[in-house]
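Here's the letter readout for the chains.
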2 protein chains.
Amino acid sequence: MDLLGDWWTPLVLRDAFYGVRRFDEFQQGLGIARNTLADRLRRLVDEGLLEKQPYQTDPVRHDYVLTEKGRDFFGVLAAMARWGDRWLAGDDGPPITFHHDRCGHETHGEVVCAQCLEPLTAEDTSMRPGPGYPARLEEDPEVQRRFAGRQG
Amino acid sequence: MDLLGDWWTPLVLRDAFYGVRRFDEFQQGLGIARNTLADRLRRLVDEGLLEKQPYQTDPVRHDYVLTEKGRDFFGVLAAMARWGDRWLAGDDGPPITFHHDRCGHETHGEVVCAQCLEPLTAEDTSMRPGPGYPARLEEDPEVQRRFAGRQG
């Protein structure tokens, strides 16, 4: 998935969902440079998606465990995986499959409209500046033009 | 959204969905270094998410237009936006809102199980190696352990 080549952050999260907790396991699984991995783990801890739990003292060693905020990222990863299956998977099929324990079926993540549960596509959806949109940008003619003429 | 600080690729795509097509518009909208932007656009063209369409000759200038593969990434962006609204938005509310033209409602993207349409969460879902999973990795005891002990 070369497009995501610099997206180490979601790959680290994905491995955390698999059950990886330790620095060396992340490192071996991802084949990522140790300093890059240390940076990504630190960022995920700073942002509150992972938390460090000591499992050993002298020297102190930590597990990296998903927080609630981190676990909630699962849907984004599932949406990424679905897109990857459509556009990047080889003839062999998807590298990872999803099983929904709740309903008992092999499945995949589908991004739908929260109101009507139909798939949410670019063709059928408009994006608009919301209440939290930066006021300074809202006055910008460039920005107004942007929201007027989407490619959809 | 500091976590996504190095995720210029989805931000470029998001702006393409707004209707941005030209290098200078991407550059102004994102406040991104020109060489970084050039690299991300080149990568998105190489990967088939954007295509270059000349709008001027002598010198040649291009629009960057979403392909079908690029437009299909919309769901991933909608899932990211939803997660960001939950965990990163300030008191003012979401910076961007989604309007589903098809059903006529203000909405957001929801990642659901394609089989039962219930939200797809880490707690209720197992990931397993699929048919396209690299065979050399499947034999790896490290990998087998990983899929056995997810954090969920």
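In this text the structure is predicted, and so the values were computed from the model without any measurement.

Criteria and cut-off values
Residues numbered from 1 in each chain as written. Chains lettered and ligands numbered in written order. Predicted model: local features only at pLDDT ≥ 70, side-chain atom pairs only at ≥ 80, totals over all residues. Helix = DSSP H or I, 4+ residues; strand = E, 2+ residues; numbered from the N terminus. Expected span 1.5 Å × (residues − 1). Buried ≥ 20, exposed ≤ 12 C-beta atoms within 10 Å, placed from the backbone. Least-squares fit on C-alpha atoms with pLDDT ≥ 70 in both. Contact = placed C-beta atoms within 7 Å. pLDDT = per-residue confidence, 0-100. Arc of directions from axis to C-beta. Nonpolar A, V, L, I, M, F, W, Y, C, P; charged D, E, K, R; others polar. Pairing = 2+ DSSP bridges. Core = buried A, V, L, I, M, F, W, Y, C linked by C-beta atoms within 7 Å. Axes fitted to C-alpha atoms, helices over the stretch in contact; angles between N-to-C directions.

Caption draft 1: Structural detail: helix α5 (residues 74-87) of chain A. Residues and elements named next belong to chain A. Helix length check: α5 (14 residues) gives 20 Å between terminal C-alpha atoms against 20 Å at 1.5 Å per residue, within 8%. Within α5, ten of the 14 residues are buried, which leaves the element mostly enclosed by the surrounding structure. Taken as a whole, α5 has its buried residues at Phe-74, Gly-75, Val-76, Leu-77, Ala-78, Ala-79, Met-80, Ala-81, Arg-82 and Trp-83.

Caption draft 2: Structural context of the relation of the copies chain A and chain B. Mapping chain A onto chain B calls for a rotation angle of 180° and an axial translation of 0.0 Å; the resulting RMSD is 0.0 Å. As the rotation angle and translation indicate, the two copies are arranged about a two-fold axis. Taking C-alpha positions as the reference, the residue of chain A nearest the rotation axis is Val-111 of chain A, at 2.2 Å. Looking at the interface residues of chain A, 99% of them are also at the interface in chain B, so both copies use one shared face.

Caption draft 3: View of the confidence of the model for chain A. Residue and element names in this part refer to chain A. Residue-level pLDDT values for chain A average 85, and 85% of them are 70 or greater. The secondary structure element of chain A with the lowest average pLDDT is helix α6 (residues 135-138), at 65, and the one with the highest is strand β5 (residues 109-113), at 98. Scored below 50 in pLDDT, residues 1-5 makes six contacts in the model with residues more than four places away or belonging to other chains. Reported confidence for the predicted complex is 0.85 by ipTM and 0.85 by pTM.

Caption draft 4: Examining unusual backbone geometry more closely. All names here are of chain A. Cis geometry marks the peptide bond from Asp-58 to Pro-59; its omega dihedral reads -5°. Checked against the element boundaries, Pro-59 lands in the loop between β1 (50-56) and β2 (61-66). Despite not being glycine, Leu-117 shows a phi value in the positive range, around 65°. Looking at where Leu-117 falls in the secondary structure, it is placed in the loop between β5 and β6 (125-129). Taking the C-beta count within 10 Å as the criterion, Leu-117 has 13 such neighbours and is therefore assigned partly exposed.

Caption draft 5: Helix α3 (residues 34-46) of chain A, seen in detail. Residues and elements named next belong to chain A. Between its first and last C-alpha, α3 extends 18 Å over 13 residues, near the 18 Å set by a 1.5 Å rise per residue. For α3, the full list of buried residues reads Arg-40, Leu-41 and Leu-44. All buried residues of α3 fall inside an arc of 100° around its axis, so they share one side. Residues Asn-35, Arg-42 and Asp-46 are exposed on α3 and point more than 90 degrees away from its buried face.

Caption draft 6: View of the interface of chain A and chain B. Across the boundary between the two partners, chain A contributes 75 residues, which contact 74 residues of chain B. At nine residues, the largest contribution of residues to the side of chain A that touches chain B is made by α5 of chain A. Its residues assigned to classes, the side of chain A that touches chain B shows 35 nonpolar, 22 polar and 18 charged. Pairing of β5 of chain A with strand β5 (residues 109-113) of chain B, which is carried by five bridges, proceeds in the antiparallel orientation. Within β5 of chain B, the position partnered with Val-111 of chain A by the bridge is Val-111 of chain B.

Caption draft 7: Representation of the nonpolar core within the structure. Counting 59 residues, the largest nonpolar core has Leu-77 and Ala-79 of chain A together with Leu-77 of chain B as its most contacted members. Element by element, the count of residues in this core is highest for α5 of chain A, at eight residues. Those residues in contact with Leu-77 of chain A that sit more than four places away from it in its chain are Pro-10, Leu-13, Arg-14 and Phe-17 of chain A.

Caption draft 8: Structural context of the sheet that holds strand β4 (residues 105-107) of chain B. Sheet architecture is open: three strands sit in the order β6(A)-β3(B)-β4(B), paired in antiparallel fashion. Here the strands that pair on one side only, and so sit at the sheet edges, are β6 of chain A together with β4 of chain B. For this sheet, the mean inter-axis angle between neighbouring strands, taken without regard to orientation, is 35°. By the bridge criterion, three bridges tie strand β3 (residues 96-100) of chain B to β4 of chain B in an arrangement that is antiparallel. Within β4 of chain B, the position partnered with His-99 of chain B by the bridge is Glu-106 of chain B.

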